[in-house]
Amino acid sequence: MNTVKYWITTYGCQMNKSDSERIASVLENMNYRKASNLDDANLILVNACSIRQSAIDRIWGQTKIISKLKKKNPNIKAVLTGCVLKKDRIKFYGRFDLVLDIKDLPKLPKFLGIPKKTTEDNYLRIKPKYASRFSAQVPIMTGCNNFCSYCAVPYTRGREISRSAKEIICEVKNLVNGGYKEIWLLGENVNSFKSEGINFPELLKKINAIKGNFWIRFTSPHPKDFSDELIETIASSEKMAEYINLPIQSGDNTILKKMRRPYTVKGYKILLKKIREAIPGVAISTDVIVGFPGETKKNFENTKKLFKELKFDMAYIAQYSSRAGTAASLLKDNVSHSEKEKRHRILTDILRETAAKNNKEYEGKTVEVLVDDSKNGFMSGKTRTFKTARFKGKPGLIGKFVEVKIIEALPWGLKSELCKTKN
Ligand code: SF4
């Protein structure tokens, strides 16, 4: 029998990427092998996200490619999985051979007509086929109980479930022993983790105590669960990288309320001040939505003001798009596309300035970098603060810690010179 070759197309957040590592593991356990490209595959999986309309558009794009490939080879099978709303899934029935809830991943062999090879029923317990050999994504919880009015996650992933703390610690130990240098702890609401009587700060302390030379990062925290205990833990754990993504979503209290975000702008500012005081040099990124239904020019002015005041290092700016089934989908999407584009541009311009100013602080300094890429004789990697440093070097440095001297700060990166290779 010919080997089945698979191809996984992944859209969305780090959680989806981590899920794709588990899908690959299940398929390889069935002796399926990764195809060299999409055209060469006889099993195509689309691990999608339906958080924004643009993500749905991309699934439609994939269906067109799949139907062309199926015309050439009718034996090709296509599976849709991931964070896709029920209402969106229905649209894709008939275009895929199978629409699979990611929680049903252990049943995939059965759906494909292969005798079950795993006895594992909890998909998060499936050992992933890690895509990187030095940076690993470790989901510690999944789902969300918050029901922000614009968000599909509580409907696609369900309520919060935390993984066993023991299993997480065991996975991280194995990764570190296997030479991994960076551990990303993942969860839609990562800091509400609670399992076996252990909360998120306590889990961080236990992971920090694991012997080895590695960094710990996490995403995505909710401001409401960002406790003093968590701030103190980050500040006192030497392996915790000094980078925090703290989603604000809007700089206007009326809009925050409509978004069902349970904090005020003042509360967010107090929290950020505490974090910056406790963790010197910490870099802060945020997530923000422009053009939420009913967002007036005045509401947006408040977000603009906040961006100038809080001087973020990075921001993931999204233009609002309605998702069927969410509370916000009942509101009129009344900010025009061009106005959303304009607001997006304005925040990007402010961010460019604040990020450039923050990066200036790095000029002349020597910092540690985990090298992750190489292009045209230049290497790039991330500092502990998640800034991208670029420098001349050899591809053999990928996956290693190095020391670089920062020569010039740019808004989105740091021009550097290699000083020392560490390991
Ligand atoms: S906390 Fe995050 S994942 Fe949960 S509903 Fe809000 S935006 Fe979605």
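Overview of the structure. It should be emphasised that the depicted structure is a prediction, and the values quoted were computed from it without experimental measurement.

How each quantity is defined
Residues numbered from 1 in each chain as written. Predicted model: local features only at pLDDT ≥ 70, side-chain atom pairs only at ≥ 80, totals over all residues. Heavy atoms only, no water. Helix = DSSP H or I, 4+ residues; strand = E, 2+ residues; numbered from the N terminus. Polar contact = N/O pair within 3.5 Å; in protein donor to acceptor, adjacent residues only side chain to side chain. Contact = heavy atoms within 4.5 Å. Pairing = 2+ DSSP bridges. Axes fitted to C-alpha atoms, helices over the stretch in contact; angles between N-to-C directions. Salt bridge = Lys/Arg side-chain N within 4 Å of Asp/Glu carboxyl O. Buried < 20%, exposed > 50% of the residue type's maximum accessible area, 1.4 Å probe, protein only. Core = buried A, V, L, I, M, F, W, Y, C linked by side-chain atoms within 4.5 Å. Domains from an automatic or database assignment.

Quick word on the side chain of Gln249
If you trace the backbone, Gln249 turns up in the loop between strand S13 (243–245) and helix H9 (253–258). Here the side chain of Gln249 touches Tyr150 through a polar contact of 3.3 Å, side chain to side chain. Those residues in contact with Gln249 that lie beyond four places of it in its chain are Tyr150, Met259, Arg261, Tyr263, Asp287, Val288 and Ile289.

Some words on the sheet that holds strand S18 (residues 388–392)
Spatially, five strands are ordered S16-S17-S18-S20-S19 in a closed barrel, and the strand pairing comes out mixed. The mean inter-strand angle of the sheet, taken between neighbouring strand axes irrespective of direction, is 50 degrees. Of the pairings in the sheet, the one linking strand S16 (residues 366–375) to strand S17 (residues 378–383) comprises six bridges and is antiparallel in character. Looking across to S17, one finds that Val371 is bridged to Gly381.

Things to note about the pairing of S16
Each regular strand shows side chains that alternate between the opposite faces of the sheet. The sheet contact formed by S16 and strand S19 (residues 401–410) spans five bridges and is antiparallel. Looking at the pairing, Val367 lines up with Val404 of S19. Joining the antiparallel neighbours S16 and S17 is a turn of two residues, in which Asn376 adopts a positive phi near 45 degrees.

Points about the pattern of salt bridges
By the definition in use, this model includes 27 salt bridges. One salt bridge connects Lys5 with Asp40, and the closest N-O pair in it is separated by 3.2 Å. In this pair, Lys5 sits in strand S1 (residues 5–10) while Asp40 sits in the loop between strand S2 (33–34) and strand S3 (43–49), placing the two residues 35 residues apart along the sequence. Taking the relative accessible area as the measure of exposure, Asp40 reaches 29% and is therefore partly exposed. A salt bridge links Asp101 to Arg89; the shortest N-O distance between them is 3.9 Å. Taken together, the positions of Asp101 in the loop between strand S5 (98–100) and helix H4 (108–111) and Arg89 in helix H3 (residues 86–92) put the pair 12 residues apart, joining distant regions of the chain. For Arg89, a relative accessible area of 11% gives the class buried.

With respect to the nonpolar core
Of all hydrophobic cores here, the largest spans 55 residues; its most connected members are Leu185, Ile207, Phe226 and Ile275. In terms of residue count, the dominant contributor to this core is helix H6 (residues 165–177) (six residues). There are two domains that each give this core at least three residues, and those are domain 2 (132–241) and domain 3 (274–360). Ignoring sequence-local partners within four residues, the contact set of Phe226 consists of Asn191, Phe218, Pro221, Ile231, Ile234, Ile244, Leu246, Leu271 and Ile275. By size, the runner-up hydrophobic cluster in this structure holds 20 residues, among which are Ile8, Tyr32, Leu98 and Leu105.

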